[in-house]
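Below, each chain spelled out in residue letters.
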Amino acid sequence: MSSRRDFLKSAASLAVTTLASGVTLYSMSGEASAANAAKTPRWGLLIDATKCTPDCSACVDACGKAYGWHNESYSPTDEQWIRKVNVKDPESGASFSAPVMCQHCANPPCVDVCPTGASFKRFDGIVLVNRHICIGCRYCMMACPYKARSFVHHGGRGSDEDKREYPRGGHGTVEACNLCVQRIDAGGVPHCVEACQQKGQGAILFGNLNDPESEIAKRVATYRTSRIRDDLGCEPGVHYQGIS
């Protein structure tokens, strides 16, 4: 957590654009670009499917509560930023359960097809939707190979914290997991990670993939991990352990 705070404090040489009260878009500029590039973080997740059980929904519940997805008539086909999937190999019978969300790709197809620039990637690898300029065309939804985006027909009913820090631009826009960017910028961790550590199985690890000393980078380098449809060349920032 301190490394994230230290990085943001040292980012005086970055050009800053505020998208909302708690969401900032940083872009490198000037002579300091090369120096900062060496320290640029790549925030990501490592999900250990061997610790994730089918009956645990702590991550989904936390996201739903924070951003207002769950209500009395909620169903898995409704708008959502994160979902649990249960996979079973028909030949071997092996199975696993794991959450799937926006994979925060290094080469995001959603950004490539967006006609307005509403879908964009921050310098630290977080893929976001600017809902104030999203026209609801849904091209990004069709382009995403992970089915990680939802078209939102109504306003959010999220927590006071997240309504304030990451306000919705209106009805009829596309949304996706933002990795709780406002929390990251404040030195915190995503809601799903916090809930998994406190109420779940401790299956989700968050950190800087570009920092070889971070726990997530060490585990990705040490253990066998996979990325969903890595063959597509999207280079997801979400890694999985125990799914292959």
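Residues numbered from 1 in each chain as written. Predicted model: local features only at pLDDT ≥ 70, side-chain atom pairs only at ≥ 80, totals over all residues. Heavy atoms only, no water.

Engineer: Before we go on, may I ask you to explain the sheet that holds strand β11 (residues 225–226) in this structure?
Structural biologist: Whenever strands of a sheet pair, they do so through backbone hydrogen bonds, lying parallel or antiparallel. One open sheet holds the four strands; their spatial order is β10-β3-β12-β11, and the pairing between them is mixed. Lying at the two open borders of the sheet, with one neighbouring strand each, are β10 (204–208) and β11. Pairing analysis gives five bridges linking strand β3 (residues 43–48) to β10, with the strands arranged antiparallel. The residue bridging G44 from the neighbouring strand is G207, located in β10. Those strands touched by helix α8 (residues 191–198) are β3 and β10, and its axis lies near 135° from that of β10. Where helix α9 (residues 215–222) meets the sheet, it contacts β3, β10, β11 and β12 (238–241), and its direction lies at approximately 110° from that of β10. (Pairing = 2+ DSSP bridges. Helix = DSSP H or I, 4+ residues; strand = E, 2+ residues; numbered from the N terminus. Contact = heavy atoms within 4.5 Å. Axes fitted to C-alpha atoms, helices over the stretch in contact; angles between N-to-C directions.)

Engineer: For this particular structure, what's the right way to read the environment of K199?
Structural biologist: With respect to the secondary-structure elements, K199 resides in the loop between α8 and β10. Using a relative accessible area of 70% as the deciding quantity, one classes K199 as exposed. Taking the C-alpha atoms as reference points, K199 and A62, 137 residues apart in sequence, are found 9.8 Å from one another. (Buried < 20%, exposed > 50% of the residue type's maximum accessible area, 1.4 Å probe, protein only.)

Engineer: I'm lost on the packing of aromatic side chains in this one. Help?
Structural biologist: Each aromatic ring pair is specified by the distance between its two centres and by the angle formed by the two planes. Enumeration according to the criterion identifies two aromatic pairs in this entry. Between W43 and F206, the ring centres sit 5.5 Å apart and the planes meet at 25°, which makes this aromatic pair stacked. One end of the pair, W43, is in strand β3; the other, F206, is in strand β10, with 163 residues separating them in the sequence. In this pair, the class of W43 matches that of F206, namely buried. Taken together, a centroid distance of 4.1 Å and an interplanar angle of 35° make the contact between Y67 and W81 tilted. Placement of Y67 in helix α3 (residues 58–67) and of W81 in the loop between α3 and β4 (82–88) is noted, with a sequence separation of 14 residues between them. (Phe/Tyr/Trp six-rings, centres within 6.5 Å; stacked < 30°, edge-to-face > 60°.)

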